[in-house]
Amino acid sequence: MKKKLALILTAVMTLSAVPVYAGVPAAPTASKVTVNGAPKAFEAYNINSNNYFKLRDIAYVLNGTDASFSVGWDGAANSIALVKGEAYAPTGSEMKVSDTKDIKDAVESTSAILIDGQKAALKAYTIKGNNYFKLRDLGTALGFDVGWDNASQTISIRSSFHRKTASAGV
């Protein structure tokens, strides 16, 4: 009887030490990040092998560039409105980076996303009350470039696309 009780207690204690996620685990992004060539510190997460950044942080660092966009929230409609070309109004919550490198619980966002009034299909997660979006998807939808330098393990965000155009005869 004592042996069974000891096994049960050991199993309960072991299971209680394993984190339980309501969504998916989000590990802090280990990569460095630059914005228009300048190093920046973000609270960003790797979810299912993709980098997710806080929406307001991206709006904040791109404010005043040709990739500026505003962020609005409609609680009654559970929707996020993004408007390209508009200035971002900071809330004071931007660019806060925690000291802990703990894995967080990411829950898929149910909010509708509108870009210039049109519904957009962007994957987002809520982590500790903030919306995080896949960085490359945001770049494509909002008009900024996202790059990767494998040698330096650096993500680069540039405020405008640098598209190469083919010239005649080349």
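That block above? That's the structure.
Quick question: what am I supposed to make of the pairing of strand 9 (residues 112–115) here?
If a strand is regular, its side chains alternate between the two faces of the sheet. Here strand 9 shows one buried face, formed by Ile113 and Ile115, and one open face, formed by Ala112 and Leu114. Two strands pair when backbone bridges link them, and strand 7 (residues 79–84) and strand 9 are joined in this way by four bridges, in the parallel orientation. Its bridge partner being in strand 9, Ala81 is matched across the sheet by Leu114. By the bridge criterion, three bridges tie strand 9 to strand 10 (residues 118–120) in an arrangement that is antiparallel. Following the sheet pairing, Ile115 is matched in strand 10 by Gln118.

Explain the pairing of strand 11 (residues 124–127) here, please?
With two bridges connecting them, strand 8 (residues 104–108) and strand 11 associate as antiparallel partners. Across the sheet, the residue bridging to Val107 is Thr126, located in strand 11. Bridging between strand 11 and strand 12 (residues 130–134) involves four bridges; their strand directions are antiparallel. Among the inter-strand pairings, Thr126 is bridged to a residue of strand 12, identified as Asn131.

How do you make sense of the sheet that holds strand 9 when you look at a structure like this?
Sheet strands pair by backbone hydrogen bonding; their relative direction is either parallel or antiparallel. A sheet is described by the order of its strands in space; here four strands give the open sequence 6-7-9-10, paired in mixed fashion. Edge positions in the sheet fall to strand 6 (69–74) and strand 10, since each of these pairs with one other strand and no more. For this sheet the average axis-to-axis angle between neighbouring strands, irrespective of direction, equals 30 degrees. Together, strand 6 and strand 7 form the strand contacts of helix 2 (residues 55–62), whose direction differs from that of strand 6 by roughly 150 degrees. Its contacts with the sheet place helix 3 (residues 135–142) against strand 6, strand 7 and strand 9, and it is angled at close to 50 degrees to strand 7.

What counts and what doesn't
Residues numbered from 1 in each chain as written. Predicted model: local features only at pLDDT ≥ 70, side-chain atom pairs only at ≥ 80, totals over all residues. Heavy atoms only, no water. Buried < 20%, exposed > 50% of the residue type's maximum accessible area, 1.4 Å probe, protein only. Helix = DSSP H or I, 4+ residues; strand = E, 2+ residues; numbered from the N terminus. Pairing = 2+ DSSP bridges. Axes fitted to C-alpha atoms, helices over the stretch in contact; angles between N-to-C directions. Contact = heavy atoms within 4.5 Å.

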